[in-house]
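Architecture and fold: a report
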Amino acid sequence: MFAEGDFTATYKFALLISFAELAVEHGADDGAELTLTTRQIAERFVFLYWQHATPYGTGRPVVSPAFWFRISGSKPRFSTQSQNSELALQHHQRYKHPDYRAIGPLLSKVASVVSAQLLKYLQNFAGVTDPFLYERRSSGSVTLKPGVSYCLRRFYTLVEQMARTRWVAHIKANRRNHPILGKSDDLEDFLFSSSRQSLAIISTQLRKLDGSRCFYCGEGLLDADVDHFVPFSLYSRDLANNFVLAHPACNRSKSDTLAARAHLERWLERLVLKEQELAEIGLLAGVSGDKEIVQRVATWGYKVANETGGRAWLSPTTYENVDSLYPSLLSGN
Ligand SMILES: [Zn+2]
């Protein structure tokens, strides 16, 4: 697809990333088909593009592919001088972040575009449709073919990285973007990192919920980092119940590693005990707070680590091997 696909806009990258994320969150490793609704895909689109409609850089013009306003008929582009940017900004000022309670009508609109346009062209090569990834269903949903969901799960990090790299290159290749992008090299960060606004909300709320203690070493906190329990480098979507507070030093030391069993057990306990509170934090911060989803993501992450001989972080000097006990802890066996 990357070699032969015709990428005239960024939505194909978004669609691939959406499929990969949904396969991790809802798929299985048995090679089975996976049916997804256009609304599930639309939700991914709204969240993926949301950050792209925020102002880029300090004192710079607003850059926006303005996805949601593209659906009203205007052309997709990444440029400053467009009405799209204005509209995207208005949407931002109104909702601040993607609020599940407020984006219902937006989701319906996006879902109809996903169905009528995007799904139609992803598998199109030189004008011919080759349905090697999915089949459309008359109900409007799509079914990922046998083995596709498995592959997306197994190679999630690779697919995600390739899609992002190509996405960034696509934006940089557009001449109209050159004056906006300038010499700074933070475009990928701007497009795909966690929203600082969401992290600030989560940090404040977690202090109220968990107290001012480091999740990992248990010592008191002055400065706190918001740590992704399942590392962001492994799974790049923010989930409210995947966040814990940690010392900057503990966070840096754990870095891109999964947490060791003792931490995992505590995290699972907290997931159940504070389910409601974490879901509410998700609503405030504009990220999913669904307990089942984060649990499936963690199960997937530890399973991959187990199969590939990964290690888990216990403390700055101690690591454990991720054995088969880890995934079984998560599935409750
Ligand atoms: Zn600590």
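Residues numbered from 1 in each chain as written. Predicted model: local features only at pLDDT ≥ 70, side-chain atom pairs only at ≥ 80, totals over all residues. Heavy atoms only, no water.

Another point: the overall build of the chain. For the chain, the count of helices and strands is 15 helices and ten strands. Every one of the 333 residues in the chain was classed for burial, and the buried ones make up 52%. At a minimum sequence separation of 6, the contacts of the chain that also span at least 24 residues come to 69%. In the structure as shown, the chain presents an accessible area of about 15400 Å², 52% of it carried by carbon and sulfur atoms. (Helix = DSSP H or I, 4+ residues; strand = E, 2+ residues; numbered from the N terminus. Buried < 20%, exposed > 50% of the residue type's maximum accessible area, 1.4 Å probe, protein only. Contact = heavy atoms within 4.5 Å. Areas by Shrake-Rupley, 256 points an atom, 1.4 Å probe, with all protein chains shown as cover.)

Judged by pairing direction, the sheet is antiparallel, and its three strands sit side by side in the order E1-E5-E4 without closing on themselves. Bordering the open sheet on either side are strand E1 (34-36) and strand E4 (134-136), each of which pairs with just one other strand. If you compare each strand with its neighbour and ignore which way they point, the axes differ by 25° on average. With three bridges connecting them, E4 and strand E5 (residues 142-144) associate as antiparallel partners. By the bridge assignment, Tyr-134 is partnered in E5 with Leu-144. Against the sheet, helix H1 (residues 11-26) engages E1, E4 and E5, with an angle of about 120° to E1. (Pairing = 2+ DSSP bridges. Axes fitted to C-alpha atoms, helices over the stretch in contact; angles between N-to-C directions.)

With that out of the way, let us pick up the packing of aromatic side chains. Each aromatic ring pair is characterised by the separation of its centres together with the angle its planes make. Under the criterion given, the structure shown has 15 aromatic pairs. For the pair Phe-229 and Trp-267, a centre-to-centre distance of 4.5 Å together with 5° between the ring planes defines the contact as stacked. In this pair, Phe-229 sits in the loop between strand E6 (225-228) and strand E7 (243-246) while Trp-267 sits in helix H12 (residues 261-273), placing the two residues 38 residues apart along the sequence. The exposure class assigned to Trp-267 is buried, which follows from its relative accessible area of 0%. Through a chain of ring-to-ring contacts, the aromatic side chains of Phe-13, Phe-45, Tyr-49, Trp-167 and Phe-192 assemble into a single cluster. The ring of Phe-229 has Lys-254 lying over it, and the distance from NZ or CZ to the ring centre is 5.8 Å. Sitting over the face of the ring of Phe-215, Arg-266 holds its NZ or CZ atom 4.7 Å from the ring centroid. (Phe/Tyr/Trp six-rings, centres within 6.5 Å; stacked < 30°, edge-to-face > 60°. Lys NZ or Arg CZ within 6 Å of the ring centre and 35° of its normal.)

The subject of this paragraph is unusual backbone geometry. Its identity as a non-glycine residue notwithstanding, Ala-126 has a phi of 45°, on the positive side. Looking at the element boundaries, Ala-126 is found in the loop between strand E2 (124-125) and strand E3 (128-129). Given a relative accessible area of 82%, Ala-126 falls into the exposed group. Phi at Ser-255 takes a positive value of approximately 50°, unusual for a residue other than glycine.

Within the largest apolar cluster, 93 residues are counted, with the highest numbers of intra-cluster contacts made by Phe-19, Phe-45 and Trp-267. The biggest single contributor to this core is H1, with eleven residues. The residue makeup of this core includes at least three contributed by each of domain 1 (11-192) and domain 2 (196-331). In contact with Phe-19, other than residues within four places in its own chain, are Leu-36, Ile-41, Leu-119, Leu-122, Tyr-134, Val-142, Leu-144 and Leu-152. (Core = buried A, V, L, I, M, F, W, Y, C linked by side-chain atoms within 4.5 Å. Domains from an automatic or database assignment.)

If you check helix H7 (residues 156-173), its first and last C-alpha atoms are 26 Å apart, about what 18 residues at 1.5 Å a residue would give, namely 26 Å. Where H7 is concerned, the buried positions are Tyr-156, Val-159, Glu-160, Ala-163, Arg-164, Trp-167, Val-168 and Ile-171. Down the axis, H7 shows its buried residues gathered within 155° of arc, on one side only. Facing away from the buried side of H7, by more than 90 degrees, are the exposed residues Leu-158 and Ala-173. Each element contacted by the buried residues of H7 is listed here: H1, helix H2 (38-50), helix H6 (148-154), helix H8 (178-181), helix H9 (187-192) and helix H14 (291-307). (Expected span 1.5 Å × (residues − 1). Arc of directions from axis to C-beta.)

In this section: the coordination of the zinc ion. Only Cys-214 (SG), Cys-217 (SG), His-247 (ND1) and Cys-250 (SG) from the protein coordinate the zinc ion, and they sit 2.1 to 2.4 Å from it. Angles of 92 to 119° at the metal separate the four donor atoms of the zinc ion, which places the site in the tetrahedral class. Read in sequence order, the donor residues coordinating the zinc ion give the pattern C-x2-C-x29-H-x2-C. Remark: His-247 occurs in the loop between E7 and helix H11 (248-254) and Cys-214 occurs in the loop between helix H10 (196-210) and E6; sequence separation between them is 33 residues. Judged by its relative accessible area of 2%, Cys-214 falls in the buried class. Its relative accessible area of 17% is what places His-247 among the buried residues. (Donors = N, O, S within 2.8 Å, 3.2 Å for Na, K, Ca; no water. Tetrahedral: all angles 85-135°; square planar, octahedral: opposite > 155°, others 65-115°.)

Next up on the list: the sheet that holds strand E9 (residues 311-315). Hydrogen bonds between backbone groups are what pair the strands of a sheet, and the pairing can be parallel or antiparallel. Taken in spatial order, the three strands make up an open sheet running E8-E9-E10, and their pairing is mixed. The strands lining the two open edges of the sheet, one partner per strand, are strand E8 (258-259) and strand E10 (318-321). Examined bridge by bridge, E8 and E9 share two bridges and lie parallel to one another. Paired with Ala-259 across the strands is Trp-313, a residue of E9. On top of the sheet, H12 reaches E8, E9 and E10; it is set at about 85° to E9, its chief contact.

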